[in-house]
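Each chain, letter by letter, is given below.
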Amino acid sequence: MRVSATLSLLALLEAVSCQSIIGFGPAFSLGPTNSWIREATTTLVLPKVPSPQLDRLALWPGMGTSGGDLIQALAVSFSDPNANCGATAGQWYGTQLGGTQVPASAGDEVTMHYKYNDSTGKYDQTAALNGKVVSTLSTSSGNAQGWGTAVECQDDACVGTVVAHKYTDTTIILNAIDTTFKDTLVLTEATSSGFSTTDGGKTWTVDTINIQAHTYDVTS
Ligand SMILES: *[C@@H]1O[C@H](CO)[C@@H](O)[C@H](O)[C@H]1NC(C)=O
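Rules used in this analysis
- Residues numbered from 1 in each chain as written.
- Predicted model: local features only at pLDDT ≥ 70, side-chain atom pairs only at ≥ 80, totals over all residues.
- Heavy atoms only, no water.
- Helix = DSSP H or I, 4+ residues; strand = E, 2+ residues; numbered from the N terminus.
- Buried < 20%, exposed > 50% of the residue type's maximum accessible area, 1.4 Å probe, protein only.
- Contact = heavy atoms within 4.5 Å.
- Areas by Shrake-Rupley, 256 points an atom, 1.4 Å probe, with all protein chains shown as cover.
- Polar contact = N/O pair within 3.5 Å; in protein donor to acceptor, adjacent residues only side chain to side chain.
- Disulfide = S-S within 2.5 Å.
- Near = heavy atom within 4 Å.
- Nonpolar A, V, L, I, M, F, W, Y, C, P; charged D, E, K, R; others polar.
- Salt bridge = Lys/Arg side-chain N within 4 Å of Asp/Glu carboxyl O.

**A short note on the overall build of the protein**
Here's step 1: Assigned secondary structure in the protein consists of 1 helix and 19 strands.
Here's step 2: Sorting the 220 residues of the protein into buried and exposed places 50% on the buried side.
Here's step 3: A separation threshold of at least 6 residues defines the contact pool for the protein, and within that pool the share at least 24 residues apart is 73%.
Here's step 4: Summing over all exposed atoms, the protein offers an accessible surface of approximately 9,100 Å²; the carbon and sulfur share of this is 50%.

Following this line, the structure appears as structure tokens:
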């Protein structure tokens, strides 16, 4: 079997239109806030792709919005790397919805940055691979109310194991102080190094989010 992986928003949305099985694993989840999220940054350190590499497994941090949308940049593992932007066996594929797709490998660092743009009313999103911006996108989505990480399987990948991985240097900036934001944190098969505010409730940081290994057994 061929193996690969990708970083992309486009891939998942396309996938959603034809997927029949879907499952969610571990998560670090925040929200809703009494305010709204102006800006969020995190860096995903890519783990090894699942073995065997079945369609489709995605790792992503995202934000749910008041418009009912999801803002997300993804690392996706597909069964056929050659069909996806030149990724080779054992690679991830990175992508944003409507953005560029780039291959990435275990150990690579993918920084996802989402920022509300006051002049357009959209969220400007960038994905950087090892510090180099590889994809940018702006979407109109209302205001973000929560932020969280996800391990999502679709179809064939919903029987495999996703190894442990982590997110580093996560910062979330609210529009206004919300001291209760801390209480909205839910950890599912995950731990974090501490979630705290640096300015009384507007800027929130967490150094390391550790996502535990997860084995799916979703058959319908
Ligand atoms: C807001 O979006 C516009 C149009 O894309 C862009 O030119 C501008 O630089 C953005 N503002 C900021 C602060 O990034």
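**A word on the side chain of threonine 43**
Here's step 1: Relative to the elements of secondary structure, threonine 43 occurs in strand β4 (residues 37–45).
Here's step 2: The exposure class of threonine 43 is buried, given its relative accessible area of 9%.
Here's step 3: One polar contact links threonine 43 to threonine 111, side chain to side chain, over a distance of 2.8 Å.
Here's step 4: Not counting the four nearest positions on each side in its chain, threonine 43 is found in contact with Glu109, Val110, Thr111, Lys166, Tyr167 and Thr168.

**So, the state of the cysteines**
Here's step 1: The tally for this structure, following the rule as stated, stands at 1 disulfide.
Here's step 2: The disulfide partner of cysteine 153 is cysteine 158, and the gap between their sulfur atoms is 2.1 Å. Classification of the bridge connecting cysteine 153 and cysteine 158 rests on its S-S torsion, roughly 105°, and on that basis the disulfide is right-handed. Each of the two residues, cysteine 153 as well as cysteine 158, counts as buried.

**Structural notes on the site of the ligand**
Here's step 1: Around the ligand sit Asn117, Ser119, Thr120 and Asp124, and those are all the residues in its vicinity.
Here's step 2: For the ligand, whose unbound accessible area comes to 360 Å², protein coverage reaches 29%.
Here's step 3: Considering only residue class, the shell around the ligand consists of no nonpolar, 3 polar and 1 charged.

**Thoughts on the pattern of salt bridges**
Here's step 1: For the coordinates displayed, the defined rule picks out 1 salt bridge.
Here's step 2: Here arginine 38 ties to aspartate 118 by a salt bridge, and the two come within 3.0 Å at their closest N and O atoms. Taken together, the residues span a long stretch of sequence, with arginine 38 in strand β4 and aspartate 118 in the loop between β9 (109–117) and β10 (122–129) at a distance of 80 residues.
Here's step 3: For aspartate 118, a relative accessible area of 55% puts it in the exposed group.

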